[in-house]
Amino acid sequence: MQIGRKILGASALALMAGTAWAEGELNALVWCDHTDPELIAPFEATHNVKVNLREYEGTGAALALLEQSRPGDWDVLVVDGIDVFRAVEAGVLAPLPEGAVSTADYFPEVVMAENNTVDGVTYAVTEKFGYNTISYNSAKVDPADMESLSTVWSEKYDGRISIYDYYLPVMGLAAIAEGIATDAIGAGDLAKIDGVLSTMRSRAASVAGVVAAQTALATGEVDIVVGGGEWLTAVLASEQPELTWTIPKEGAVRWAQSIGVVEGASNPDLAVEFIKYITSPEGQARLATSSCFWGMPANAKAGDVLTDAQKDILRWDQQPDYLALTQLYPAPDADLDIEMQDLWLETLQQ
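This structure is a prediction, so every number in the text was calculated from the model and none was measured.

Caption draft 1: Expanded view of helix H8 (residues 190-203). With 14 residues, H8 should cover 20 Å at 1.5 Å per step; its first-to-last C-alpha distance of 20 Å lies within 8% of that length. Among all positions of H8, only Leu190, Ile193, Val196, Leu197, Met200, Arg201 and Arg203 are buried. Buried residues in H8, looked at end-on, bunch into an arc of 160°, giving them a common side. Summarising the contacts, the buried residues of H8 are in contact with strand E7 (161-164), helix H7 (167-177), strand E8 (204-208), strand E9 (224-228) and helix H15 (334-348).

As C-alpha coordinates, then:
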(Lines give C-alpha, C1' and ligand atoms only; values in the text may rest on other atoms or scores of the structure.)
Protein backbone atom coordinates (compact mmCIF):
# COMPACT_ATOMS: atom_id res chain seq x y z
CA MET A 1 0.00 0.00 0.00
CA GLN A 2 1.38 3.36 -0.93
CA ILE A 3 0.33 5.30 2.15
CA GLY A 4 0.51 8.91 1.03
CA ARG A 5 3.65 8.07 -0.91
CA LYS A 6 5.09 10.60 -3.36
CA ILE A 7 8.20 10.55 -5.55
CA LEU A 8 11.23 12.15 -3.96
CA GLY A 9 13.12 14.89 -5.79
CA ALA A 10 16.25 14.05 -7.77
CA SER A 11 18.50 15.97 -5.37
CA ALA A 12 17.22 13.98 -2.41
CA LEU A 13 17.73 10.72 -4.27
CA ALA A 14 21.25 11.68 -5.23
CA LEU A 15 22.08 12.51 -1.61
CA MET A 16 20.63 9.22 -0.40
CA ALA A 17 22.35 7.23 -3.12
CA GLY A 18 25.69 8.63 -2.03
CA THR A 19 25.34 7.30 1.51
CA ALA A 20 28.16 4.94 2.50
CA TRP A 21 27.45 2.17 5.01
CA ALA A 22 29.92 0.34 7.21
CA GLU A 23 30.93 -3.08 5.97
CA GLY A 24 29.12 -5.97 7.64
CA GLU A 25 25.96 -4.03 8.44
CA LEU A 26 22.54 -4.72 6.97
CA ASN A 27 21.15 -1.93 4.80
CA ALA A 28 17.43 -1.87 4.07
CA LEU A 29 15.10 0.30 2.00
CA VAL A 30 11.82 0.22 3.90
CA TRP A 31 8.49 1.81 4.66
CA CYS A 32 8.11 3.76 7.89
CA ASP A 33 6.61 0.83 9.83
CA HIS A 34 10.03 -0.85 9.80
CA THR A 35 11.75 2.06 11.53
CA ASP A 36 10.20 1.29 14.92
CA PRO A 37 13.03 0.33 17.36
CA GLU A 38 10.68 -2.20 18.96
CA LEU A 39 10.80 -4.12 15.66
CA ILE A 40 14.48 -3.75 14.78
CA ALA A 41 16.25 -3.96 18.16
CA PRO A 42 15.54 -7.68 18.79
CA PHE A 43 17.06 -8.65 15.42
CA GLU A 44 20.13 -6.49 16.04
CA ALA A 45 20.61 -8.05 19.47
CA THR A 46 20.17 -11.62 18.25
CA HIS A 47 22.62 -11.25 15.34
CA ASN A 48 24.91 -8.65 16.92
CA VAL A 49 24.55 -6.39 13.89
CA LYS A 50 23.49 -2.87 13.04
CA VAL A 51 20.50 -2.47 10.73
CA ASN A 52 20.65 0.75 8.70
CA LEU A 53 17.18 1.75 7.56
CA ARG A 54 16.28 4.23 4.84
CA GLU A 55 12.62 5.09 4.57
CA TYR A 56 11.36 5.84 1.07
CA GLU A 57 8.04 6.88 -0.43
CA GLY A 58 6.74 5.19 -3.56
CA THR A 59 8.00 2.32 -5.70
CA GLY A 60 9.24 4.77 -8.32
CA ALA A 61 11.45 6.45 -5.73
CA ALA A 62 12.88 3.11 -4.60
CA LEU A 63 13.71 2.05 -8.14
CA ALA A 64 15.33 5.41 -8.90
CA LEU A 65 17.38 5.22 -5.73
CA LEU A 66 18.55 1.69 -6.44
CA GLU A 67 19.47 2.66 -10.00
CA GLN A 68 21.69 5.46 -8.68
CA SER A 69 23.23 3.34 -5.92
CA ARG A 70 26.39 1.28 -6.17
CA PRO A 71 26.18 -2.52 -6.31
CA GLY A 72 26.01 -3.86 -2.77
CA ASP A 73 24.76 -0.64 -1.19
CA TRP A 74 21.43 -2.23 -0.27
CA ASP A 75 20.50 -5.66 1.07
CA VAL A 76 16.74 -5.62 1.69
CA LEU A 77 13.80 -4.00 -0.08
CA VAL A 78 10.22 -3.57 1.13
CA VAL A 79 7.84 -2.94 -1.75
CA ASP A 80 4.14 -2.78 -2.52
CA GLY A 81 2.95 -6.30 -3.28
CA ILE A 82 1.50 -5.28 -6.64
CA ASP A 83 4.87 -3.78 -7.65
CA VAL A 84 7.13 -6.79 -7.05
CA PHE A 85 7.06 -7.51 -10.78
CA ARG A 86 8.35 -3.99 -11.48
CA ALA A 87 11.29 -4.56 -9.17
CA VAL A 88 12.00 -7.89 -10.85
CA GLU A 89 11.80 -6.34 -14.32
CA ALA A 90 14.23 -3.65 -13.17
CA GLY A 91 16.64 -6.34 -11.98
CA VAL A 92 16.77 -5.10 -8.39
CA LEU A 93 15.42 -8.19 -6.59
CA ALA A 94 17.33 -11.44 -6.24
CA PRO A 95 15.63 -14.84 -6.13
CA LEU A 96 14.98 -16.03 -2.59
CA PRO A 97 16.76 -19.31 -1.75
CA GLU A 98 14.32 -22.16 -2.24
CA GLY A 99 12.58 -23.01 1.02
CA ALA A 100 14.28 -20.17 2.90
CA VAL A 101 11.02 -18.54 3.98
CA SER A 102 7.94 -20.60 4.73
CA THR A 103 4.42 -19.32 4.13
CA ALA A 104 2.79 -22.44 5.58
CA ASP A 105 1.28 -20.48 8.47
CA TYR A 106 0.11 -17.54 6.35
CA PHE A 107 -3.46 -16.53 5.78
CA PRO A 108 -3.88 -18.33 2.42
CA GLU A 109 -5.26 -15.26 0.64
CA VAL A 110 -2.11 -13.23 1.30
CA VAL A 111 0.52 -15.73 0.21
CA MET A 112 0.04 -14.07 -3.18
CA ALA A 113 2.42 -16.32 -5.08
CA GLU A 114 1.18 -14.82 -8.34
CA ASN A 115 2.55 -11.46 -7.19
CA ASN A 116 5.75 -12.56 -5.44
CA THR A 117 6.81 -15.15 -8.02
CA VAL A 118 7.87 -14.44 -11.60
CA ASP A 119 8.35 -17.26 -14.12
CA GLY A 120 8.33 -19.79 -11.30
CA VAL A 121 10.99 -17.99 -9.27
CA THR A 122 10.12 -16.47 -5.88
CA TYR A 123 11.61 -13.00 -5.39
CA ALA A 124 9.66 -11.72 -2.38
CA VAL A 125 7.24 -12.74 0.33
CA THR A 126 4.21 -10.94 1.74
CA GLU A 127 4.92 -9.47 5.17
CA LYS A 128 1.89 -7.31 6.02
CA PHE A 129 -1.53 -6.46 4.65
CA GLY A 130 -4.61 -4.44 5.42
CA TYR A 131 -7.55 -2.64 3.95
CA ASN A 132 -8.44 0.58 2.19
CA THR A 133 -11.98 0.81 3.38
CA ILE A 134 -14.04 3.10 5.65
CA SER A 135 -12.74 4.79 8.82
CA TYR A 136 -15.22 6.75 10.90
CA ASN A 137 -16.13 8.32 14.21
CA SER A 138 -18.66 5.96 15.79
CA ALA A 139 -19.88 8.68 18.14
CA LYS A 140 -20.88 10.98 15.28
CA VAL A 141 -22.21 8.69 12.54
CA ASP A 142 -24.58 5.77 12.53
CA PRO A 143 -22.32 2.68 12.43
CA ALA A 144 -25.04 0.84 10.51
CA ASP A 145 -24.63 3.34 7.67
CA MET A 146 -20.97 2.40 7.39
CA GLU A 147 -21.86 -1.19 6.57
CA SER A 148 -22.91 -0.30 3.03
CA LEU A 149 -21.08 1.80 0.46
CA SER A 150 -24.46 3.07 -0.73
CA THR A 151 -24.89 5.05 2.50
CA VAL A 152 -21.28 5.96 3.33
CA TRP A 153 -21.19 8.90 0.91
CA SER A 154 -24.92 9.58 0.92
CA GLU A 155 -26.39 13.08 1.26
CA LYS A 156 -26.78 12.40 4.99
CA TYR A 157 -23.03 12.88 5.42
CA ASP A 158 -22.60 15.81 3.06
CA GLY A 159 -19.54 17.83 4.08
CA ARG A 160 -18.47 15.31 6.72
CA ILE A 161 -16.26 13.13 4.53
CA SER A 162 -12.57 13.12 3.61
CA ILE A 163 -11.30 11.04 0.68
CA TYR A 164 -7.88 9.39 0.91
CA ASP A 165 -5.68 10.92 -1.76
CA TYR A 166 -4.57 7.84 -3.70
CA TYR A 167 -6.42 7.00 -6.86
CA LEU A 168 -6.04 3.20 -7.04
CA PRO A 169 -7.75 2.18 -3.78
CA VAL A 170 -10.43 4.87 -3.98
CA MET A 171 -11.25 4.01 -7.58
CA GLY A 172 -11.23 0.39 -6.49
CA LEU A 173 -13.86 1.18 -3.87
CA ALA A 174 -15.89 3.04 -6.47
CA ALA A 175 -15.72 0.02 -8.77
CA ILE A 176 -16.76 -2.33 -5.96
CA ALA A 177 -19.73 -0.08 -5.22
CA GLU A 178 -20.81 -0.64 -8.85
CA GLY A 179 -20.26 -4.39 -8.68
CA ILE A 180 -17.10 -4.23 -10.83
CA ALA A 181 -14.21 -6.49 -9.73
CA THR A 182 -10.98 -4.56 -9.20
CA ASP A 183 -9.02 -6.99 -11.36
CA ALA A 184 -11.52 -6.62 -14.21
CA ILE A 185 -11.65 -2.83 -14.50
CA GLY A 186 -11.47 -1.80 -18.14
CA ALA A 187 -11.79 1.43 -20.10
CA GLY A 188 -15.49 0.71 -20.54
CA ASP A 189 -16.01 0.80 -16.76
CA LEU A 190 -14.59 4.28 -16.23
CA ALA A 191 -17.88 6.07 -16.89
CA LYS A 192 -19.57 4.18 -14.04
CA ILE A 193 -16.58 4.75 -11.76
CA ASP A 194 -16.62 8.43 -12.70
CA GLY A 195 -20.23 8.70 -11.60
CA VAL A 196 -19.43 7.27 -8.17
CA LEU A 197 -16.35 9.46 -7.79
CA SER A 198 -18.34 12.57 -8.69
CA THR A 199 -20.95 11.80 -6.06
CA MET A 200 -18.29 10.99 -3.51
CA ARG A 201 -16.37 14.18 -4.24
CA SER A 202 -19.51 16.34 -4.10
CA ARG A 203 -20.11 15.17 -0.53
CA ALA A 204 -16.48 15.46 0.61
CA ALA A 205 -14.98 18.29 2.62
CA SER A 206 -11.47 17.31 1.51
CA VAL A 207 -9.24 14.97 -0.42
CA ALA A 208 -6.28 14.38 1.86
CA GLY A 209 -3.10 12.42 2.43
CA VAL A 210 -2.56 10.19 5.42
CA VAL A 211 -1.59 12.78 8.02
CA ALA A 212 -4.20 15.33 6.95
CA ALA A 213 -6.99 12.74 6.77
CA GLN A 214 -6.03 11.26 10.13
CA THR A 215 -5.87 14.72 11.71
CA ALA A 216 -9.22 15.73 10.24
CA LEU A 217 -10.85 12.61 11.69
CA ALA A 218 -9.16 12.99 15.08
CA THR A 219 -10.09 16.67 15.45
CA GLY A 220 -13.68 16.25 14.27
CA GLU A 221 -13.21 18.22 11.07
CA VAL A 222 -14.67 15.17 9.30
CA ASP A 223 -16.42 12.07 10.57
CA ILE A 224 -15.63 9.62 7.75
CA VAL A 225 -12.52 8.82 5.71
CA VAL A 226 -13.18 6.95 2.47
CA GLY A 227 -10.15 4.78 1.75
CA GLY A 228 -9.08 4.65 5.40
CA GLY A 229 -8.78 1.50 7.45
CA GLU A 230 -6.95 -0.07 10.37
CA TRP A 231 -3.74 1.64 9.26
CA LEU A 232 -5.38 5.05 9.75
CA THR A 233 -7.16 4.64 13.07
CA ALA A 234 -5.42 1.83 15.00
CA VAL A 235 -2.65 4.08 16.33
CA LEU A 236 -5.35 6.42 17.70
CA ALA A 237 -7.43 3.70 19.37
CA SER A 238 -6.00 4.02 22.88
CA GLU A 239 -6.84 7.73 23.13
CA GLN A 240 -9.88 7.91 20.83
CA PRO A 241 -11.60 4.50 20.79
CA GLU A 242 -14.57 6.03 18.97
CA LEU A 243 -12.39 6.26 15.85
CA THR A 244 -12.78 2.92 14.16
CA TRP A 245 -13.16 1.17 10.79
CA THR A 246 -15.17 -1.51 9.04
CA ILE A 247 -15.54 -3.46 5.81
CA PRO A 248 -18.90 -2.69 4.11
CA LYS A 249 -21.03 -5.57 2.87
CA GLU A 250 -20.05 -4.85 -0.76
CA GLY A 251 -16.38 -5.27 0.13
CA ALA A 252 -13.25 -3.12 0.09
CA VAL A 253 -9.72 -3.02 -1.31
CA ARG A 254 -6.88 -5.01 0.21
CA TRP A 255 -3.30 -3.76 0.23
CA ALA A 256 -0.21 -5.88 0.82
CA GLN A 257 3.49 -5.21 1.13
CA SER A 258 6.31 -7.63 0.33
CA ILE A 259 9.95 -7.98 1.32
CA GLY A 260 12.88 -9.37 -0.64
CA VAL A 261 16.66 -9.41 -1.03
CA VAL A 262 18.26 -6.80 -3.29
CA GLU A 263 20.22 -8.17 -6.25
CA GLY A 264 23.97 -7.90 -5.54
CA ALA A 265 23.45 -7.47 -1.79
CA SER A 266 26.64 -7.30 0.26
CA ASN A 267 25.09 -9.46 2.96
CA PRO A 268 22.58 -11.75 1.25
CA ASP A 269 22.63 -14.40 3.98
CA LEU A 270 21.95 -11.82 6.68
CA ALA A 271 19.26 -10.32 4.47
CA VAL A 272 17.51 -13.70 4.35
CA GLU A 273 17.79 -13.98 8.13
CA PHE A 274 16.18 -10.56 8.43
CA ILE A 275 13.29 -11.67 6.21
CA LYS A 276 12.91 -14.82 8.31
CA TYR A 277 12.69 -12.67 11.42
CA ILE A 278 10.21 -10.22 9.90
CA THR A 279 7.96 -13.10 8.81
CA SER A 280 8.24 -14.99 12.13
CA PRO A 281 5.31 -14.76 14.57
CA GLU A 282 7.29 -12.42 16.84
CA GLY A 283 8.48 -10.18 14.03
CA GLN A 284 5.02 -10.13 12.49
CA ALA A 285 3.36 -9.07 15.72
CA ARG A 286 5.82 -6.20 16.13
CA LEU A 287 5.48 -5.13 12.50
CA ALA A 288 1.68 -5.30 12.67
CA THR A 289 1.62 -2.87 15.62
CA SER A 290 4.41 -0.54 14.52
CA SER A 291 4.23 2.99 15.89
CA CYS A 292 4.07 4.36 12.32
CA PHE A 293 1.00 2.42 11.18
CA TRP A 294 -0.72 -0.81 12.06
CA GLY A 295 -1.75 -3.56 9.67
CA MET A 296 -2.50 -7.27 9.61
CA PRO A 297 0.38 -9.74 9.89
CA ALA A 298 0.58 -12.13 6.97
CA ASN A 299 1.59 -14.96 9.31
CA ALA A 300 -1.50 -16.12 11.20
CA LYS A 301 0.72 -17.47 14.01
CA ALA A 302 1.29 -13.85 15.04
CA GLY A 303 -2.06 -14.22 16.78
CA ASP A 304 -0.25 -16.24 19.46
CA VAL A 305 1.94 -13.20 20.19
CA LEU A 306 -0.47 -10.27 19.82
CA THR A 307 -2.38 -9.21 22.91
CA ASP A 308 -6.15 -9.52 23.08
CA ALA A 309 -6.42 -5.73 22.93
CA GLN A 310 -4.26 -5.58 19.79
CA LYS A 311 -6.26 -8.32 18.12
CA ASP A 312 -9.49 -6.52 18.96
CA ILE A 313 -8.26 -3.34 17.25
CA LEU A 314 -7.18 -5.36 14.19
CA ARG A 315 -10.52 -7.24 14.05
CA TRP A 316 -8.56 -10.49 14.30
CA ASP A 317 -11.58 -12.78 14.59
CA GLN A 318 -13.22 -11.20 11.55
CA GLN A 319 -10.32 -11.73 9.17
CA PRO A 320 -11.77 -14.79 7.40
CA ASP A 321 -14.88 -12.77 6.47
CA TYR A 322 -12.87 -9.66 5.58
CA LEU A 323 -10.46 -11.58 3.37
CA ALA A 324 -13.37 -13.19 1.54
CA LEU A 325 -15.00 -9.78 1.00
CA THR A 326 -11.98 -7.80 -0.17
CA GLN A 327 -10.14 -7.53 -3.48
CA LEU A 328 -6.60 -6.51 -4.37
CA TYR A 329 -5.68 -3.07 -5.67
CA PRO A 330 -6.52 -2.47 -9.31
CA ALA A 331 -3.45 -3.26 -11.41
CA PRO A 332 -4.15 -1.50 -14.75
CA ASP A 333 -1.85 -1.70 -17.73
CA ALA A 334 0.05 1.46 -18.69
CA ASP A 335 -2.63 2.88 -21.00
CA LEU A 336 -5.52 2.26 -18.60
CA ASP A 337 -3.46 3.59 -15.71
CA ILE A 338 -3.05 6.91 -17.53
CA GLU A 339 -6.80 7.08 -18.14
CA MET A 340 -7.49 6.34 -14.47
CA GLN A 341 -5.05 9.00 -13.30
CA ASP A 342 -6.61 11.53 -15.67
CA LEU A 343 -10.06 10.69 -14.30
CA TRP A 344 -8.77 11.06 -10.77
CA LEU A 345 -7.32 14.48 -11.53
CA GLU A 346 -10.64 15.57 -13.01
CA THR A 347 -12.34 14.38 -9.82
CA LEU A 348 -9.96 16.40 -7.65
CA GLN A 349 -10.77 19.54 -9.66
CA GLN A 350 -14.52 19.25 -9.07
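Following the structure, the description resumes.
Caption draft 2: Just the pattern of salt bridges, in detail. All told, the structure shown has six salt bridges when counted by the stated rule. Between Asp83 and Arg86 there is a salt bridge whose closest N-O contact spans 3.9 Å. Residue Arg86 is classed as partly exposed on the basis of its relative accessible area, which comes to 32%.

Caption draft 3: Looking closely at the packing of aromatic side chains. All chains considered together, the criterion is met by 13 aromatic pairs. A ring pair is formed by Phe107 and Trp316, whose centres lie 5.6 Å apart and whose planes are at 65°; its orientation type is edge-to-face. In this pair, Phe107 is assigned in the loop between helix H4 (84-89) and helix H5 (113-116) and Trp316 in the loop between helix H13 (308-313) and helix H14 (319-325), connecting sequence segments 209 residues apart. Ring geometry for Tyr164 against Tyr166: centres 6.4 Å apart, planes inclined by 70°, an arrangement best described as edge-to-face. Residues Tyr164 and Tyr166 agree in their burial class; the two are buried. Following the ring pairs from residue to residue traces out a cluster consisting of Phe107, Phe129, Tyr131, Trp245, Trp316 and Tyr322. Above the plane of the ring of Phe293 lies Lys128, whose end atom (NZ or CZ) is 4.1 Å from the centre. One Lys or Arg, Arg315, reaches over the ring of Trp245 and ends 4.8 Å from the middle of that ring.

Caption draft 4: Examining the layout of surface pockets more closely. The calculated volume of the second largest pocket comes to roughly 290 Å³. The wall of the second largest pocket is formed by 17 residues, among which Leu96, Val101, Thr117, Thr122 and Ala124 lie closest to the centre. At the level of elements, H5 and strand E5 (121-122) are the ones that each hand at least two residues to the lining of the second largest pocket. In terms of residue class, the lining of the second largest pocket is built from 10 nonpolar, six polar and one charged.

Caption draft 5: A look at the packing of H7 against H15. Where H7 meets H15, the axes come as close as 11 Å, and the angle between the chain directions of the two elements is 85°. Considered as vectors, H7 and H15 are oriented roughly perpendicular to each other. Residues Tyr167, Leu168, Val170 and Met171 of H7 lie in contact with H15, whose contacting residues are Asp337, Met340, Gln341, Leu343 and Trp344. Residue composition of the contact of H7 with H15, by class: seven nonpolar, one polar and one charged.

Caption draft 6: Geometry of the state of the cysteines. Tallying each qualifying case throughout the model produces one disulfide. Two residues share a disulfide in this structure: Cys32 and Cys292, whose sulfurs sit 1.8 Å from each other. Disulfide Cys32-Cys292: torsion about the S-S bond near -65°, hence left-handed. Note that Cys32 is positioned in the loop between strand E1 (26-30) and helix H2 (37-47) and Cys292 in the loop between helix H12 (281-288) and strand E12 (296-297), a separation of 260 residues in sequence. Residue Cys292 is classed as partly exposed on the basis of its relative accessible area, which comes to 31%.

Caption draft 7: Quick peek at the environment of Leu26. Position of Leu26 relative to the elements: it lies in strand E1. Placed 48 residues apart in sequence, Leu26 and Trp74 show a C-alpha to C-alpha distance of 7.7 Å. In contact with Leu26, not counting residues within four places along its chain, are Phe43, Lys50, Val51, Asn52, Asp75, Val76, Asn267, Leu270, Ala271 and Phe274.

Caption draft 8: Representation of the pairing of strand E3 (residues 76-80) in the model. For E3, the buried fraction is high: five of the five residues fall into the buried class. Bridging between E1 and E3 involves two bridges; their strand directions are parallel. Bridge pairing in E3 places Leu29 opposite Leu77. Where E3 and strand E11 (residues 253-261) come together, five bridges link them in antiparallel fashion. Across the sheet, the residue bridging to Val79 is Ser258, located in E11.

Criteria and thresholds
- Residues numbered from 1 in each chain as written.
- Predicted model: local features only at pLDDT ≥ 70, side-chain atom pairs only at ≥ 80, totals over all residues.
- Heavy atoms only, no water.
- Helix = DSSP H or I, 4+ residues; strand = E, 2+ residues; numbered from the N terminus.
- Expected span 1.5 Å × (residues − 1).
- Buried < 20%, exposed > 50% of the residue type's maximum accessible area, 1.4 Å probe, protein only.
- Arc of directions from axis to C-beta.
- Contact = heavy atoms within 4.5 Å.
- Salt bridge = Lys/Arg side-chain N within 4 Å of Asp/Glu carboxyl O.
- Phe/Tyr/Trp six-rings, centres within 6.5 Å; stacked < 30°, edge-to-face > 60°.
- Lys NZ or Arg CZ within 6 Å of the ring centre and 35° of its normal.
- 1 Å grid on protein atoms, 1.4 Å probe; cavity = no way out; pocket = protein on both sides within 12 Å on 5 of 7 lines; lining within 4 Å.
- Points joined across faces, edges and corners; volume = space filled by probe spheres on them.
- Nonpolar A, V, L, I, M, F, W, Y, C, P; charged D, E, K, R; others polar.
- Axes fitted to C-alpha atoms, helices over the stretch in contact; angles between N-to-C directions.
- Parallel < 35°, antiparallel > 145°, perpendicular 65-115°, else oblique.
- Disulfide = S-S within 2.5 Å.
- Pairing = 2+ DSSP bridges.

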